[in-house]
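Each chain, written out:
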Amino acid sequence: KVDHSIEFHSPLYKTRRQHCHLILGMRLVHRTGYWGQWIDPSLSPRDGEVNEDVIWVQALQDHDNDCCPGFGPRSVQVVDQDFQQWCHDEYSDAWDLWLVSSNSGRSHGHRFWKFVLCMEDSSTASGCGWHYVGTVNFSDDFDTLEDLLRDYWSADFARNHVHIGIDTSGQSLASTYLHSPARVWTCSDCGREFSETNYADAAAAQRACEQHELDAHPVWDVYTCDDCGRTFSEEHYAHAFAARNARDQHQRNSHRPQWDVFECDDCYREFSEADYSSSWAAERARDQHAADAHGYGW
């Protein structure tokens with residue numbers, strides 16, 4: 001085991017690691033059910049195609065959520081300094097990337113790409129028949145690794161899962177200062193925050209924020225009177241249609257009622273809708289008046 005007591009607890013190292021959390025781009029995330037400080041490679045699930053104990057990580061583009069939560073509820077991010085600490089040769093931090101296999105997942109359209117990342121002088125890949133993809137130098141952050149994986153992320157499948165087994169030669173991953181930066185969604189109305197650390201995953205936190213906005217700050221349809229500016233909000237009625245009807249009724253009654261008026265052809269008496277329950281009732285009253293007063297209908 002490598003003694004991490006100095007490197008991982010120095011203020012300079014913590015500052016550099018915090019800086020790495022702010023870098024946009026791809027991420028390497030280790031999912032685990034282990035909550036201890038040091039994550040040993042032997043804790044990772046064994047794989048039939050990879051004989052060595054490796055630390056399995058998900059390679060994610062910046063906008064992707066973590067996948068495959070079945071590996072564990074805890075997410076630990078692996079950063080470039082980890083690879084530099086694991087290197088045997090202090091003058092070289094070159095790692096070789098090997099493609100182990102590619103298989104379809106249980107879900108339709110999902111593709112799983114399995115890789116191994118090992119130190120350049122390692123014999124891990126000898127005789128395994130794996131496909132050499134390229135060499136990565138972590139002095140340039142994850143730029144080279146991101147370029148090598150780009151074609152696999154964009155392969156013509158509904159979802160591409162890129163999993164990498166990191167051969168650390170038995171060295172552990174330090175998680176004390178290495179928790180993944182939790183993504184947080186903020187309510188645009190009240191500022192309440194929804195962090196993925198409080199939910200099953202990032203997608204659940206995002207859904208909770210969206211549901212909160214709908215429940216606590218609903219967007220109501222509002223109808224405004226063209227004459228006086230009075231508003232009729234869906235919030236105060238059974239539904240939006242009822243609010244609109246209330247606005248229309250207000251305009252007819254308060255500002256510019258347009259009642260149907262029926263006039264007697266003989267005496268010119270008017271029968272207005274305003275004096276009856278409906279336009280139809282006013283028209284019937286005019287007809288009845290004409291029959292009674294002027295003899296129509298005989």
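All figures in this text were calculated on a predicted structure; none of them were measured in a lab.

Conventions used here
- Residues numbered from 1 in each chain as written.
- Predicted model: local features only at pLDDT ≥ 70, side-chain atom pairs only at ≥ 80, totals over all residues.
- Heavy atoms only, no water.
- Helix = DSSP H or I, 4+ residues; strand = E, 2+ residues; numbered from the N terminus.
- Contact = heavy atoms within 4.5 Å.
- Salt bridge = Lys/Arg side-chain N within 4 Å of Asp/Glu carboxyl O.
- Buried < 20%, exposed > 50% of the residue type's maximum accessible area, 1.4 Å probe, protein only.
- Core = buried A, V, L, I, M, F, W, Y, C linked by side-chain atoms within 4.5 Å.
- Pairing = 2+ DSSP bridges.
- Axes fitted to C-alpha atoms, helices over the stretch in contact; angles between N-to-C directions.
- pLDDT = per-residue confidence, 0-100.
- Arc of directions from axis to C-beta.

### What to know about the overall build of the protein
Okay, step 1: Regarding its fold elements, the protein presents six helices and 15 strands.
Okay, step 2: In the protein, 63% of the contacts between residues at least 6 apart in sequence involve partners at least 24 apart.

### Description of the pattern of salt bridges
Okay, step 1: Under the counting rule described, the total for this entry stands at five salt bridges.
Okay, step 2: For D47, the salt bridge identified is with K114, shortest N-O distance 2.8 Å. Of this pair, D47 sits in the loop between β2 (38-39) and β3 (55-60) while K114 sits in strand β6 (residues 110-119), placing them 67 residues apart in sequence.
Okay, step 3: Residue K114 is classed as buried on the basis of its relative accessible area of 16%.
Okay, step 4: With its nearest N and O atoms 2.8 Å apart, the salt bridge here joins D287 to R286.
Okay, step 5: One continuous salt-bridge network, built from bridges that share partners, spans D47, E49 and K114.

### Quick word on the nonpolar core
Okay, step 1: Core analysis: the largest hydrophobic core is formed by 31 residues, its most contacted members being L28, F83, F115, L149 and I164.
Okay, step 2: Leave out the neighbours within four places in its chain, and L149 touches M26, A59, L97, F115, V162 and I164.
Okay, step 3: Core analysis: the second largest hydrophobic core is formed by nine residues, V54, W98, A125 and W130 among them.

### Observations regarding the sheet that holds strand β8 (residues 159-166)
Okay, step 1: The strand order β4-β1-β3-β8-β6-β5-β7 describes an open sheet built from seven strands, whose pairing is mixed. Edge positions in the sheet fall to β4 (74-78) and β7 (131-137), since each has one partner strand and no second. Shown here is a sheet whose adjacent strand axes are inclined to one another by a mean of 35°, direction ignored.
Okay, step 2: Pairing geometry for strand β5 (residues 94-104) and β7, over six bridges, is antiparallel. What sits directly across from W98, in β7, is Y132.
Okay, step 3: Strands in contact with helix α3 (residues 143-153) are β1 (27-32), β3, β5, β6, β7 and β8; relative to β7, the strand with the most contacts, it is inclined by about 145°.

### Thoughts on the environment of A274
Okay, step 1: Tracing the sequence through the fold places A274 in the loop between β15 (270-272) and α6 (279-294).
Okay, step 2: With a relative accessible area of 41%, A274 lands in the partly exposed category.
Okay, step 3: Spatially, the C-alpha atoms of A274 and D260 are 7.9 Å apart, while their sequence positions differ by 14 residues.

### Some thoughts on the confidence of the model for the protein
Okay, step 1: Here the protein shows a mean pLDDT of 80. Residues at 70 or above account for 85%.
Okay, step 2: Low confidence marks residues 1-24, where pLDDT is under 50. Its contacts with residues over four positions away, or in another chain, come to 39 contacts.

### Brief notes about α3
For an α-helix, 3.6 residues make a turn, and residues three or four places apart therefore share a direction.
Okay, step 1: Burial in α3 covers these residues: L145, E146, L149, Y152 and W153. All buried residues of α3 fall inside an arc of 105° around its axis, so they share one side.
Okay, step 2: For α3, the elements touching its buried residues are β1, β3, β5, β6, β7 and β8.

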